[in-house]
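Structural overview for review
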Amino acid sequence: NAGVTQTPKFQVLKTGQSMTLQCAQDMNHNSMYWYRQDPGMGLRLIYYSASEGTTDKGEVPNGYNVSRLNKREFSLRLESAAPSQTSVYFCATAQGGPYGYTFGSGTRLTVV
Amino acid sequence: DQQVKQNSPSLSVQEGRISILNCDYTNSMFDYFLWYKKYPAEGPTFLISISSIKDKNEDGRFTVFLNKSAKHLSLHIVPSQPGDSAVYFCAAIAGSNSGYALNFGKGTSLLVTP
């Protein structure tokens, strides 16, 4: 099925461990985004890539890095996980322009 | 600082009646507004949108109203159905300079009871 695929769906990390969240899309969209959702906080933008080869910080970038590997893939890396990074992470894509996003189903990350 | 605000965390409505979800914003540079619906354990899905040059957009049971002078928008669902029970997020875009990044509100959890 066409869409946005996030892996893994669930992950438990110990404080200080590192990991990479993967996002791949087959919609041929130009823009890709990483959001985190916390209870009572809505979705907050971590990083985005408006086009292949570019990345920019969003509202809450601290503690994260990203890589736009190619047009299809946009990964989010936690170098040294902290309990404050416990959250549900959503990847989204957009063609560009104000047409709204297509979201993946999310990665639920717990840092203990 | 939250630029998109949904001040009602939850709303309960009887099936068949109207649901009205409200959203306020502070950034006058926002030029496009969207509503997303989210079920548990799923990603948000696009519901309806409106450009800042319009004051109303309708799609079936869903209508979004925009009052630019008040920096307020609302989503009306008529008639409400139990399957509409979900969290609804209001979102806004400030244009290409921000990579068309969406600014989300905190969401309103709608429960439609039979």
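Residues numbered from 1 in each chain as written. Chains lettered and ligands numbered in written order. Predicted model: local features only at pLDDT ≥ 70, side-chain atom pairs only at ≥ 80, totals over all residues. Heavy atoms only, no water.

Thoughts on the environment of Leu73(B)
Residue and element names in this part refer to chain B. Among the secondary structure elements, Leu-73 is positioned in strand E8 (residues 72–77). Here Leu-73 falls in the buried class, since its relative accessible area comes to 0%. In this structure the C-alpha to C-alpha distance between Leu-73 and Tyr-25, which are 48 residues apart in sequence, comes to 8.4 Å. What Leu-73 contacts, discounting residues up to four positions off in sequence, is Leu-21, Asn-22, Cys-23, Tyr-25, Phe-33, Trp-35, Val-64, Phe-65, Leu-66 and Cys-90. (Helix = DSSP H or I, 4+ residues; strand = E, 2+ residues; numbered from the N terminus. Buried < 20%, exposed > 50% of the residue type's maximum accessible area, 1.4 Å probe, protein only. Contact = heavy atoms within 4.5 Å.)

With respect to the side chain of Thr93(A)
Residue and element names in this part refer to chain A. When you line up the elements, Thr-93 lands in strand E9 (residues 87–94). The class of Thr-93 is buried, set by a relative accessible area of 0%. In terms of polar contacts, Thr-93 uses its side chain to reach the side chain of His-29, at 2.7 Å. (Polar contact = N/O pair within 3.5 Å; in protein donor to acceptor, adjacent residues only side chain to side chain.)

Some remarks on a nonpolar patch on the surface
Together, Ile18(B), Ile20(B) and Val78(B) make up a nonpolar patch on the protein surface, roughly 230 Å² of accessible area in all. Here Ile18(B) shows up in the loop between strand E2 (10–14) and strand E3 (19–25). (Patch = residues over 30% accessible without salt bridge, like charges linked within 9 Å, V, L, I, M, F, W, Y side chains within 5 Å. Areas by Shrake-Rupley, 256 points an atom, 1.4 Å probe, with all protein chains shown as cover. Salt bridge = Lys/Arg side-chain N within 4 Å of Asp/Glu carboxyl O.)

Re the packing of aromatic side chains
All names here are of chain A. Counted by the stated rule, this structure contains 16 aromatic pairs over all chains. Geometrically, the ring pair formed by Tyr-35 and Tyr-101 is tilted, given 6.0 Å between the ring centres and 50° between the ring planes. You can see Tyr-35 sitting in strand E4 (residues 31–38) and its partner Tyr-101 sitting in the loop between E9 and strand E10 (102–103), a full 66 residues away along the chain. Of the two residues, Tyr-35 and Tyr-101, neither departs from the other in class, the shared state being buried. (Phe/Tyr/Trp six-rings, centres within 6.5 Å; stacked < 30°, edge-to-face > 60°.)

Re the nonpolar core
Most often, soluble globular proteins keep nonpolar side chains buried together rather than apart. Residues and elements named next belong to chain B. Counting 23 residues, the largest nonpolar core has Phe-33, Trp-35, Leu-73, Leu-75 and Tyr-88 as the members making the most contacts within it. No other element matches the four residues that strand E9 (residues 86–93) contributes to this core. Once residues lying within four places of it in the same chain are set aside, the contact partners of Leu-75 are Ser-19, Ile-20, Leu-21, Trp-35, Leu-47, Ile-48, Phe-62, Thr-63 and Tyr-88. (Core = buried A, V, L, I, M, F, W, Y, C linked by side-chain atoms within 4.5 Å.)

Re the state of the cysteines
In total, this model carries two disulfides over all chains according to the counting rule given. Covalently, Cys23(A) is tied to Cys91(A) through a disulfide, its sulfur atoms 1.9 Å apart. Judged by the torsion about the S-S bond (-75°), the Cys23(A)/Cys91(A) disulfide is left-handed. Linking Cys23(A) in strand E3 (residues 19–25) with Cys91(A) in strand E9, this pair joins segments that are 68 residues apart in sequence. A relative accessible area of 0% places Cys91(A) in the buried class. Through a disulfide, Cys23(B) is tied to Cys90(B); the S-S separation comes to 2.1 Å. Residues Cys23(B) and Cys90(B) are joined through a disulfide that is left-handed, its torsion about the S-S bond being -75°. Of this pair, Cys23(B) sits in strand E3 while Cys90(B) sits in strand E9, and the two are 67 residues apart along the sequence. Cys90(B) shares its class with Cys23(B); the two are buried. (Disulfide = S-S within 2.5 Å.)

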